Number of protein chains: 2
Amino acid sequence: MNNTPAALLHLLARGAGETLIDQIVRSLAARIDDKLLRGGARMPSIRQCAASLQVSCATIVASYDKLVARDYLESRRGAGFYVRERAALHTPLPPATAAPGAPQPMDVVWLIRNMFRQAPGQAAPGSGMLPPEWLDGDLVARALRDVSRQSGASMISYGLPQGFLPLRQQLQIKLAGLEIACPPEQIVTTVGVMQALDLVAREFARPGDTIFVDDPAYWLMFGAFAAMGMQVIGIPRLKDGPDIAVLERLAAVHRPKLYVINSVLHNPSSTSLSAAKAYQVLRLAEQHDFLVVEDDIYCDMHPGAASTTQPATRLAALDQLRRVIYLGGFSKSLAANLRVGFIATSPERAQRLADRKMLATLTSSDIGERVVYKILSQGLYRKHAERLRARLDQVREPTYRRMERAGLRFEPAQAGMFVWADTGRDTSVLAEQALAEGLVLGPGSLFSPRQLPSTHMRLNLATVQEERVWDFFDRALGAEA
Amino acid sequence: MNNTPAALLHLLARGAGETLIDQIVRSLAARIDDKLLRGGARMPSIRQCAASLQVSCATIVASYDKLVARDYLESRRGAGFYVRERAALHTPLPPATAAPGAPQPMDVVWLIRNMFRQAPGQAAPGSGMLPPEWLDGDLVARALRDVSRQSGASMISYGLPQGFLPLRQQLQIKLAGLEIACPPEQIVTTVGVMQALDLVAREFARPGDTIFVDDPAYWLMFGAFAAMGMQVIGIPRLKDGPDIAVLERLAAVHRPKLYVINSVLHNPSSTSLSAAKAYQVLRLAEQHDFLVVEDDIYCDMHPGAASTTQPATRLAALDQLRRVIYLGGFSKSLAANLRVGFIATSPERAQRLADRKMLATLTSSDIGERVVYKILSQGLYRKHAERLRARLDQVREPTYRRMERAGLRFEPAQAGMFVWADTGRDTSVLAEQALAEGLVLGPGSLFSPRQLPSTHMRLNLATVQEERVWDFFDRALGAEA
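Residues numbered from 1 in each chain as written. Chains lettered and ligands numbered in written order. Predicted model: local features only at pLDDT ≥ 70, side-chain atom pairs only at ≥ 80, totals over all residues. Heavy atoms only, no water.

## Describing the overall build of chain A
Okay, so step 1: Tallying secondary structure elements over chain A gives 18 helices and 14 strands in all.
Okay, so step 2: Put simply, chain A has 481 residues, and 64% of those count as buried.
Okay, so step 3: Contacts in chain A between residues far apart in sequence, at least 24 positions, make up 73% of those at least 6 positions apart.
Okay, so step 4: Roughly 17,700 Å² of accessible area belongs to chain A as shown, and the carbon and sulfur atoms make up 51% of that amount. (Helix = DSSP H or I, 4+ residues; strand = E, 2+ residues; numbered from the N terminus. Buried < 20%, exposed > 50% of the residue type's maximum accessible area, 1.4 Å probe, protein only. Contact = heavy atoms within 4.5 Å. Areas by Shrake-Rupley, 256 points an atom, 1.4 Å probe, with all protein chains shown as cover.)

## A closer look at the packing of helix 8 (residues 192-204) of chain A against helix 9 (residues 220-227) of chain A
Residues and elements named next belong to chain A.
Okay, so step 1: Two elements in contact, helix 8 and helix 9, have axes separated by 11 Å at closest approach and are oriented at 30°. Of the possible angle classes, the one that applies to helix 8 and helix 9 is roughly parallel. Helix 9 is crossed by helix 8, and the crossing has right-handed handedness. Residues Met194, Leu197 and Ala201 of helix 8 touch helix 9, and the partners they reach there are Leu220, Met221, Ala224 and Phe225. (Axes fitted to C-alpha atoms, helices over the stretch in contact; angles between N-to-C directions. Parallel < 35°, antiparallel > 145°, perpendicular 65-115°, else oblique. Left-handed = near helix turned anticlockwise from the far one by under 90°.)

## Looking at the interface of chain A and chain B
It is common to give the size of an interface as the accessible area lost on bringing the parts into contact.
Okay, so step 1: Counting from both sides, the interface comprises 77 residues of chain A and, opposite them, 77 residues of chain B.
Okay, so step 2: On the surface where chain A and chain B come into contact, there are two salt bridges.
Okay, so step 3: A:Arg202 serves as the salt-bridge partner of B:Asp198, at 2.6 Å between the closest nitrogen and oxygen.
Okay, so step 4: Secondary structure elements with two or more residues in the side of chain A that touches chain B: helix 2 (20-33), helix 5 (105-116), helix 6 (137-151), helix 7 (165-177), helix 8, helix 9, helix 13 (347-361) and helix 14 (366-377) of chain A.
Okay, so step 5: The greatest single-element share of the side of chain A that touches chain B, amounting to nine residues, is contributed by helix 13 of chain A. (Salt bridge = Lys/Arg side-chain N within 4 Å of Asp/Glu carboxyl O.)

## Points about the relation of the copies chain A and chain B
Okay, so step 1: Expressed as a screw operation, the relation of chain A to chain B combines 0.2 Å of axial shift with a rotation of 180°, fitting to an RMSD of 0.3 Å. Interpreted geometrically, this transformation is the action of a two-fold axis. It is A:Arg145 whose C-alpha, among those of chain A, lies nearest the rotation axis, at 3.0 Å.
Okay, so step 2: Both copies share a contact surface, since 99% of the interface residues of chain A are interface residues in chain B too. (Least-squares fit on C-alpha atoms with pLDDT ≥ 70 in both.)

## Considerations on the sheet that holds strand 12 (residues 418-422) of chain A
Okay, so step 1: In space, the four strands of this open sheet follow the order 11-12-14-13 (chain A), with antiparallel pairing throughout. Strands with a single pairing partner mark the edges of an open sheet, and in this sheet they are strand 11 (409-410) and strand 13 (442-443) of chain A. (Pairing = 2+ DSSP bridges.)

## Section: the packing of helix 8 of chain A against helix 13 of chain A
All names here are of chain A.
Okay, so step 1: Two elements in contact, helix 8 and helix 13, have axes whose closest approach is 10 Å; the angle formed by their N-to-C orientations is 110°. The angle between helix 8 and helix 13 falls in the class roughly perpendicular. Across from Gln195, Leu199, Val200, Arg202, Glu203 and Phe204 in helix 8, the residues of helix 13 making contact are Arg349, Arg352, Leu353, Arg356, Lys357, Ala360 and Thr361.

## What about the packing of aromatic side chains?
All names here are of chain A.
Okay, so step 1: For the coordinates displayed, the defined rule picks out 26 aromatic pairs over all chains.
Okay, so step 2: Between tyrosine 259 and phenylalanine 290, the ring centres sit 6.4 Å apart and the planes meet at 65°, which makes this aromatic pair edge-to-face. Of this pair, tyrosine 259 sits in strand 7 (residues 258-261) while phenylalanine 290 sits in the loop between helix 11 (275-288) and strand 8 (291-295), and the two are 31 residues apart along the sequence. Each member of the pair, tyrosine 259 as well as phenylalanine 290, is classed as buried.
Okay, so step 3: Seen in terms of ring centroids, tryptophan 470 and phenylalanine 473 are 5.6 Å apart; in terms of plane orientation they differ by 55°. Their pairing is tilted. Here tryptophan 470 pairs with phenylalanine 473, and both are found in helix 18 (residues 467-478), just three residues apart, close to one helical turn. (Phe/Tyr/Trp six-rings, centres within 6.5 Å; stacked < 30°, edge-to-face > 60°.)

## Digging into unusual backbone geometry
All names here are of chain A.
Okay, so step 1: For the bond running from aspartate 215 to proline 216, omega is 5°, close enough to zero to count as cis.
Okay, so step 2: Structurally, the position occupied by proline 216 is in the loop between strand 4 (210-215) and helix 9.
Okay, so step 3: Of note in this structure, leucine 265 is not a glycine but carries a positive phi near 55°.
Okay, so step 4: Mapped onto the elements, leucine 265 comes out in the loop between strand 7 and helix 11.

## Quick notes on the confidence of the model for chain A
Okay, so step 1: Looking at chain A as a whole, its pLDDT mean stands at 86, while 86% of the residues score no less than 70.
Okay, so step 2: Counted against residues more than four places away or in other chains, residues 1-17 of chain A, with its pLDDT under 50, gives 28 contacts. (pLDDT = per-residue confidence, 0-100.)

## Notes on the nonpolar core
Okay, so step 1: Grouped together as the largest cluster of nonpolar side chains are 262 residues, with contacts concentrated most on A:Phe225, A:Phe473, B:Phe225 and B:Phe473.
Okay, so step 2: Excluding anything up to four places from it in sequence, B:Phe473 contacts B:Ala406, B:Leu430, B:Leu441, B:Met457, B:Leu459 and B:Gly478. (Core = buried A, V, L, I, M, F, W, Y, C linked by side-chain atoms within 4.5 Å.)

## Remarks on the pairing of strand 9 (residues 324-329) of chain A
All names here are of chain A.
Okay, so step 1: The element strand 9 is extensively covered by neighbouring structure, given that six of its six residues are classed as buried.
Okay, so step 2: Judged by which residues are buried, strand 9 turns out to be covered on both faces: Val324, Tyr326 and Gly328 on one side and Ile325, Leu327 and Gly329 on the other are all buried.
Okay, so step 3: Bridge count between strand 8 and strand 9: four bridges; the pairing is parallel. In the sheet register, aspartate 295 faces strand 9, and the bridge partner there is leucine 327.
Okay, so step 4: Where strand 9 lies against strand 10 (residues 341-344), four bridges are found, and the strand directions are antiparallel. Following the sheet pairing, glycine 328 is matched in strand 10 by phenylalanine 342.

## Details of the pairing of strand 3 (residues 187-190) of chain B
In summary, the side chains of a regular strand alternate between the two faces of the sheet.
Residues and elements named next belong to chain B.
Okay, so step 1: Burial of strand 3 is two-sided: the residues Ile187 and Thr189 facing one way and the residues Val188 and Thr190 facing the other way are all buried.
Okay, so step 2: Looking at chain direction, strand 3 and strand 10 (residues 341-344) are connected through four bridges and run antiparallel. Within strand 10, the residue paired with valine 188 across the bridge is isoleucine 343.

## Here's the deal with the side chain of A:Ser272
Residue and element names in this part refer to chain A.
Okay, so step 1: With respect to the secondary-structure elements, serine 272 resides in the loop between strand 7 and helix 11.
Okay, so step 2: Within the structure, serine 272 has its side chain in polar contact with the backbone nitrogen of leucine 265 (distance 3.0 Å).
Okay, so step 3: Ignoring anything within four residues of it in the chain, the contact list for serine 272 reads Arg237, Lys239, Asp240, Gly241, Ser263, Val264, Leu265, His302, Pro311 and Ala312. (Polar contact = N/O pair within 3.5 Å; in protein donor to acceptor, adjacent residues only side chain to side chain.)

## A closer look at helix 11 (residues 275-288) of chain B
Okay, so step 1: Along its 14 residues, helix 11 of chain B runs 20 Å from first to last C-alpha, staying within 8% of the 20 Å computed at 1.5 Å per residue.
Okay, so step 2: Of the residues trailing helix 11 of chain B, B:Asp289 is marked for its positive phi of about 55°. (Expected span 1.5 Å × (residues − 1).)

## Some remarks on helix 15 (residues 380-405) of chain B
Residue and element names in this part refer to chain B.
Okay, so step 1: The terminal C-alpha atoms of helix 15 lie 38 Å apart, and with 26 residues this matches the ideal 38 Å at 1.5 Å per residue to within 8%.
Okay, so step 2: By the largest-angle criterion, arginine 396 marks the main kink of helix 15, which is about 30°, and a proline, proline 398, follows within four residues.
Okay, so step 3: For helix 15, the full list of buried residues reads Tyr381, His384, Ala385, Leu388, Arg389, Leu392, Val395, Arg396, Thr399, Tyr400, Arg402 and Met403.
Okay, so step 4: Immediately beyond the C-terminal end of helix 15, within one or two residues, lies glycine 407, with a positive phi of roughly 85°. (Bend = angle between axes of the 7 residues up to and from the residue.)

## A word on the environment of A:Glu369
Okay, so step 1: Within the fold, A:Glu369 resides in helix 14.
Okay, so step 2: In sequence terms A:Glu369 and A:Val147 are 222 residues apart; their C-alpha atoms lie 9.9 Å from each other.

## Overview of the pattern of salt bridges
Residues and elements named next belong to chain B.
Okay, so step 1: Taken as a whole and assessed by the stated rule, the structure comprises 44 salt bridges over all chains.
Okay, so step 2: Across the pair aspartate 366 and arginine 370 runs a salt bridge, and its minimum N-O distance is 3.2 Å. Separated by four residues within a single helix, aspartate 366 and arginine 370 lie in helix 14 (residues 366-377), roughly one turn from each other. Both residues of the pair, aspartate 366 and arginine 370, count as buried.

## A short note on the state of the cysteines
All names here are of chain A.
Okay, so step 1: Per the stated rule, a full pass over the model turns up zero disulfides over all chains.
Okay, so step 2: Here cysteine 49 stays unpaired: no disulfide links it, and the sulfur of cysteine 57, its closest cysteine neighbor, is 9.3 Å away.
Okay, so step 3: Residue classification places cysteine 49 among the buried residues on the basis of a relative accessible area of 5%. (Disulfide = S-S within 2.5 Å.)

## Some words on the environment of B:Val372
Residue and element names in this part refer to chain B.
Okay, so step 1: Among the secondary structure elements, valine 372 is positioned in helix 14.
Okay, so step 2: The spatial distance from the C-alpha of valine 372 to the C-alpha of valine 140 is 8.3 Å, given a sequence separation of 232 residues.
Okay, so step 3: Other than its neighbours up to four places away in sequence, valine 372 contacts Leu167, Phe330, Leu334, Leu338 and Val340.

See below:
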């Protein structure tokens, strides 16, 4: 409970519009949901809490009462208020058919909730996002103002299900730069890459089917696929791409429908596919008749052809969208809240995915798509991405050195925002310890399709630039040495 | 081919940025996809087409060649170019398990594509939307400008998965006015009502489960549910609500998981639920243990408590979100492209649906939600809705009289934008005839969960205000009389 009052005050200041009581209730409930307040913990007394929040005792009494009514707290006669012990708040996302070895979505849900409701005062060395100050709020704000002046009235009618045409034309140019030939008819915009993954899985796999992913990989999709009743199997990811021998063996056994892979700047390792590995993946896809879903969300954090030391082969550049479905988006590198992602694929699949999108969300909003179009077409995005890469490069080496001092082992990369660090101990335990100090880690078990314990964790170069992060690692890792 | 050149010219003018050839290819392909150019039809000669589009013959040759390459046209030696006969352009949205009696999504896909790609010069008396000039583009543009000035930079980070909190607080007030008590924690925003239906079906039903809908009802959801492998069964909709005897009998046989119903201003009949029917629906839901999904998208076209002649009972007002999941949105009454819908439900279900939303699209974009919040909180929405109702009321009686003159039979309503009109003949045939004249009807078979032939069609009070619509009906219906 150490930092609750300060954290609450912060929340109170932000949630104008609610009653004071509702604000207190909401923020305490959120902290209980997020397990920042654990079942069984004693709450501060009415008087203490009122004093630290600078509100009346009556307000706290009413707030605690509401939390009791909502089953968050229990009142023990004469002993104060306690956080109620609960097995699970709800039955989260049960897969339609329980696949053996399927992930337990609670952990995923827990981490993602935490990601979205980061408490004030917390740091997130394992975060999947860049901090707002690393991105360019002004750039996005200006483009949104332009869009609102020019096309506010066009918000009345539905946009095209395939997405805003000028953006798709801009994407054609962007893809051409990556040696992927793709006219606008073969592009479907989506509500972020997450919807792209959702639509592709729904259209090209069925409950009971198997989907291959990298191991480790972006964890949220494990829960998404499992919730559709699909079996998720991980292919070990090595320095230059997947372990081809394992891929070959498992493909023969499991006959997957899809293989979802980050070819460039893999999350969480920031490694990229070698040309040889890329070719072998496509050869196996052909042989075992599966589609390759190339998730290239970190595309613009890679310097591209400019770099000779950082080769990165895109599967779609080899295959030209025959068997590869290419996904991209702007949530990581530009602005997440615009919710702009896209799928580039064959004409026939693009049509099927556009239909599938209609059945899911009818259309995506033009607004975000117009904003991205504006930034892309004015040449501002390229400069923004260059600045972003330069800033990441600036902290890269010093961070590597600091990691070494903390006793972390890792494979250095020359681009990207993540490092996959080996701590030599179970990072789930470490993450629990870190959380008690307000640090949200990305423990390796989360990135494992089978959520196996792991000594690895993901670090974000941008969010580890706080001395208290290293204080923690020095203490926590040194203690066991 | 009568109006192709004019239509094409129009399209050419709009699609700036593409090459001329690509524009011609795209618009011709779209017309073939939309069946405006039928398989087997002869295309105009190169020379004719070049003259009417005022482009060079070489441009048309290149365009036709591309269309041949894409399998849209075939070249018959010495006889010119013909639209290729094709069984189906693709396999559209096959249900995971083919439920007997499930709809054939092709028709749905065809109509909705047509809806989104309305060709210039077409009129849509069967449209589900109000024409842009009936809504208030300035209102939306102003609010968007405000939002862009105040919160452009907040687009950098993800919003809350449950949706923009001030909007949910505003919705709490709106719902309170409908006698539905619902705090913001019980509201989840969605990418339009379509995503709300998608999330609810995915969370609370499984492939093979049965979903009840009204018959007739909003057709797009039939395809959405069928694509998830769910069986869709219609409950006959009478003047004051569903046929309770049928509902009771079918509920006992099919044990549905969900019953999706428009309680107020049902699409396509604009009838509303009586208090007695509402009570009986809830009683049966209790008895047969299904959830009621109350789709109240037309809410604000109803005058509400102000009207004594138009009773309308909301299921959620009776049940207070215990067994009723309430859906609302702003696509019909404010602006479709903002993509703002919402779900109001129990706290436990709201949490599950917010998680489910994360797995589908992570979050929805704040932008549209902030725009709606602004318009709602400034009291502008209420006035806008009043104006909209007044305008619909203005055309209602004259339109009814015109319908009678055309020989249409219907149940007059006192609110809403739709009329469900009986033509006395198969409206699918009528729709084909109308399409040849550039009129897009809403034939009854589309609104039937089993796509049975129907003598009914949906008319939209706002889009039938063109004399050529009545010219057509007078001719087409009179001819058979």
